[in-house]
Amino acid sequence: MSLDIDQIALHQLVKRDENQLELVLRDTLLPTTRAVEEMAEELHRVYSAKSKAYGLFNEESELADALRNCRKGQDDFLAFSRAATGRLRDELGKYPFAESGVVLFLHYRYLAVEYLLVAMLSSQSSMRVNEELDISSTHYLDINHADIVARIDLTEWETNPESTRYLTFLRGRVGRKVADFFMDFLGASVGLDTKAQNRGLLQAVDDYCAESNLDKNERQNYRQQVYSYCNDQLQAGEEIALEDLSSELPPLGEKTFQAFTQEQGYELEEHFPADRSTLRQLTKFAGSGGGLTLNFDAMLLGERIFWDPTTDTLTIKGTPPNLRDQLQRRTGGN
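Residues numbered from 1 in each chain as written. Predicted model: local features only at pLDDT ≥ 70, side-chain atom pairs only at ≥ 80, totals over all residues. Heavy atoms only, no water.

## Focus on the overall build of the chain
Reasoning step 1: Secondary structure summary: the chain contains 11 helices and 16 strands in total.
Reasoning step 2: Since a compact globule built from 334 residues should have a radius of gyration of about 20 Å, the 25 Å found for the chain marks it as more spread out than a globular shape.
Reasoning step 3: Across the 334 residues that make up the chain, the buried fraction comes to 37%.
Reasoning step 4: Considering only contacts in the chain between residues 6 or more positions apart, those separated by 24 or more positions represent 66%.
Reasoning step 5: In the form shown here, the chain has an accessible surface area of approximately 19300 Å², with 46% of it arising from carbon and sulfur atoms.
Reasoning step 6: Charge centroids of the chain, computed over 36 positive and 54 negative side chains, lie 6 Å from each other. (Helix = DSSP H or I, 4+ residues; strand = E, 2+ residues; numbered from the N terminus. Rg over C-alpha atoms; globule rule 2.2 N^0.38 Å. Buried < 20%, exposed > 50% of the residue type's maximum accessible area, 1.4 Å probe, protein only. Contact = heavy atoms within 4.5 Å. Areas by Shrake-Rupley, 256 points an atom, 1.4 Å probe, with all protein chains shown as cover. Lys, Arg positive; Asp, Glu negative; His and termini not counted. Charge placed at Lys NZ, Arg CZ, Asp CG, Glu CD.)

Quick look at the structure:
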C-alpha cells in the first residue's frame, strides 16, 4: 500500500463524570514508527471500504479556517490538532452519549492525493496469552468498528473549492445525533447525495426502457447490463461514469442513454459513486417489515411470483427446498 504519512497527531478525551470530558493533549506529534504506519494503513483500508456520505465546509467553519491557516504555514499541525480536539470536546459535551475516546489527525498521501483524516476511536479490552502462557488483559484501538470518522481530500478542496464532495464522513451506527455533533465540529453540511444519484440513475433506466416500449424480458436484460457495469465499477473501487455506461449500452431508438438523461433533466453528475444497496434494485426486489423479509430476483415477478395491488398480496409458486422442508416439519407434513 503506497500510503505516505506526512504528520500524525493523537490526543484523548476522558470522561471523568456524568458532565465532564477532560482533554489529554500530546505535546509532540506521533513518531512514524512501523506500528504507527500499520495503524494508519489499517484505518485507511477500513475507511475506504465503508459506505460514505459526502459533504463540504460551511462558510463559517472554524475547522476549515484553522486548516487553511495550517496549510499556509501560519500554524503548525500539532497546534491545529490540539485546538481542534478542544472544539470536538465542546461539541461532544453537549450530548448525553459523550464517551471517552482517542482523537486522531492523520495527514497523508495516497496515490498522489493528499488527505486529512480525523477520527475518534474507542478502546476495547481483550485477553492475550504471553510467551509464558499466562493470560493477561490488553487494550486496543477498535479500528474495524470506527464510525466517527471524516476525511478531507485536501487536493480536491484546494484545487476545486466549488466541489461538493471533497469531504467524506461516516454517518455513525448509534443514531443521527452522532453524525450531527461530528458535522457541527467539522462545520460542514451534506454535499453530493450518493443515494439520490443512484436512485436517479435507476429511474432514468426505467424511463428510457419505457419510452422504447421494451417488453418485460428486454427491460430486465437492459437493467442487468446497467447493473453489471455499475457492479464492476463498485468492485474496482471506481465511480460510475455516465458517458462510459452509455457507451456500453445499446441505444434504444435515436438517443443514447446519456443523451436521454440530459434531455430529460435527471441532474445526474458525470461521475458519481455507486451505492450497493440502491443498485441491487436493478436485479432484485427486497423488503422487510412486520416480521417478514423477502428477497427475490426481479425476473421471477410475473412468472413464479405474482403481486395483486388491490389486496396487496404476493402469490409464490414453488418454494425453495430448504424453506419447504422447514414448513413441512413445522406443520407435520400436512
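## Looking at the side chain of Gln233
Reasoning step 1: With respect to the element layout, Gln233 can be found in helix H7 (residues 216–235).
Reasoning step 2: With relative accessibility at 18%, the residue Gln233 sits in the buried group.
Reasoning step 3: Residues within four places of Gln233 in sequence aside, it is in contact with Glu238 and Glu239.

## Notes on the sheet that holds strand S3 (residues 53–57)
Reasoning step 1: Taken together, eight strands build an open sheet; the order of strands is S2-S1-S4-S5-S8-S9-S3-S10 and the sheet is antiparallel. This sheet does not close on itself; its edge strands, each paired only once, are strand S2 (20–25) and strand S10 (188–190). On average, each strand axis in the sheet is tilted by 25 degrees relative to the strand beside it, whichever way the strands run.
Reasoning step 2: Sheet contacts for helix H1 (residues 34–49): strand S1 (3–17), strand S4 (101–110), strand S5 (113–121), strand S8 (149–153) and strand S9 (167–169); angle to S1, the most-contacted strand, approximately 85 degrees.
Reasoning step 3: Packed on one face of the sheet, helix H3 (residues 77–92) meets S1, S2, S4 and S5 and runs near 35 degrees to S1. (Pairing = 2+ DSSP bridges. Axes fitted to C-alpha atoms, helices over the stretch in contact; angles between N-to-C directions.)

## Points about helix H2 (residues 62–71)
Think of an α-helix as 3.6 residues a turn; residues three or four steps apart then line up on the same face.
Reasoning step 1: For H2, every residue scored as buried is listed here: Leu63, Ala64, Ala66, Leu67 and Cys70. For H2, the angular spread of buried residues about the axis comes to 165 degrees, placing them on one side.
Reasoning step 2: Sitting at the head of H2, Ser61 places a side-chain oxygen 3.5 Å from the backbone nitrogen of Leu63.
Reasoning step 3: Just past H2, the residue Gly73 takes up positive phi, approximately 85 degrees. (Arc of directions from axis to C-beta. Polar contact = N/O pair within 3.5 Å; in protein donor to acceptor, adjacent residues only side chain to side chain.)

## A word on the environment of Phe80
Reasoning step 1: Along the polypeptide, Phe80 turns up in helix H3.
Reasoning step 2: On the basis of relative accessibility, which here comes to 2%, the residue Phe80 falls in the buried class.
Reasoning step 3: Distance in space between the C-alpha atoms of Phe80 and Ala9 is 9.6 Å, their sequence separation being 71 residues.
Reasoning step 4: Ignoring sequence-local partners within four residues, the contact set of Phe80 consists of Leu63, Ala66, Leu67, Cys70, Asp75, Phe105 and Leu116.

## With respect to empty space enclosed by the protein
Reasoning step 1: One pass over the full model with this rule turns up one cavity of 30 Å³ or more.
Reasoning step 2: Approximately 30 Å³ is the volume found for the largest cavity.
Reasoning step 3: Among the secondary structure elements, those contributing two or more residues to the lining of the largest cavity are H7 and helix H10 (276–279).
Reasoning step 4: The element best represented in the lining of the largest cavity is H7, accounting for three residues.
Reasoning step 5: Residues that form the lining of the largest cavity fall into these classes: three nonpolar, one polar and two charged. (1 Å grid on protein atoms, 1.4 Å probe; cavity = no way out; pocket = protein on both sides within 12 Å on 5 of 7 lines; lining within 4 Å. Points joined across faces, edges and corners; volume = space filled by probe spheres on them. Nonpolar A, V, L, I, M, F, W, Y, C, P; charged D, E, K, R; others polar.)

## Description of the packing of H2 against H3
Reasoning step 1: Here H2 crosses H3 at 170 degrees, and the two axes come no closer than 10 Å. When the axes of H2 and H3 are compared, the pair comes out roughly antiparallel. Contacts between H2 and H3 involve Glu62, Leu63, Ala66, Leu67 and Cys70 on the former and, on the latter, Phe77, Phe80, Ala84 and Arg87.
Reasoning step 2: Among the residues forming the contact of H2 with H3, the class breakdown is seven nonpolar, no polar and two charged. (Parallel < 35°, antiparallel > 145°, perpendicular 65-115°, else oblique.)

## Points about the pattern of salt bridges
Reasoning step 1: Per the stated rule, a full pass over the model turns up 21 salt bridges.
Reasoning step 2: Here Glu37 and Arg34 are joined by a salt bridge, their closest N and O atoms 2.8 Å apart. In this pair, Glu37 and Arg34 are both assigned in helix H1, three residues apart and thus about one turn of the helix distant.
Reasoning step 3: A salt bridge links Glu263 to Lys255, with the nearest nitrogen and oxygen atoms 3.1 Å apart.
Reasoning step 4: You can call Lys255 partly exposed: its relative accessible area is 24%. (Salt bridge = Lys/Arg side-chain N within 4 Å of Asp/Glu carboxyl O.)

## Observations concerning the packing of helix H6 (residues 194–211) against H7
Reasoning step 1: At a minimum axis separation of 10 Å, H6 and H7 run at an interaxial angle of 150 degrees. On the basis of the axis angle, H6 is roughly antiparallel to H7. The crossing of H6 and H7 is right-handed. Contacts between H6 and H7 pair Leu201, Val205, Asp206, Tyr208 and Cys209 from the former with Arg219, Tyr222, Arg223, Val226 and Cys230 from the latter. (Left-handed = near helix turned anticlockwise from the far one by under 90°.)

## Re the nonpolar core
Reasoning step 1: Core analysis: the largest hydrophobic core is formed by 36 residues, its most contacted members being Phe57, Phe80, Phe182 and Leu186.
Reasoning step 2: Setting aside residues up to four positions removed in sequence, Leu186 forms contacts with Phe57, Ser61, Leu63, Ala150 and Leu167.
Reasoning step 3: In this structure, Cys209, Tyr222, Tyr229 and Leu282 belong to the second largest nonpolar core, which totals 25 residues. (Core = buried A, V, L, I, M, F, W, Y, C linked by side-chain atoms within 4.5 Å.)

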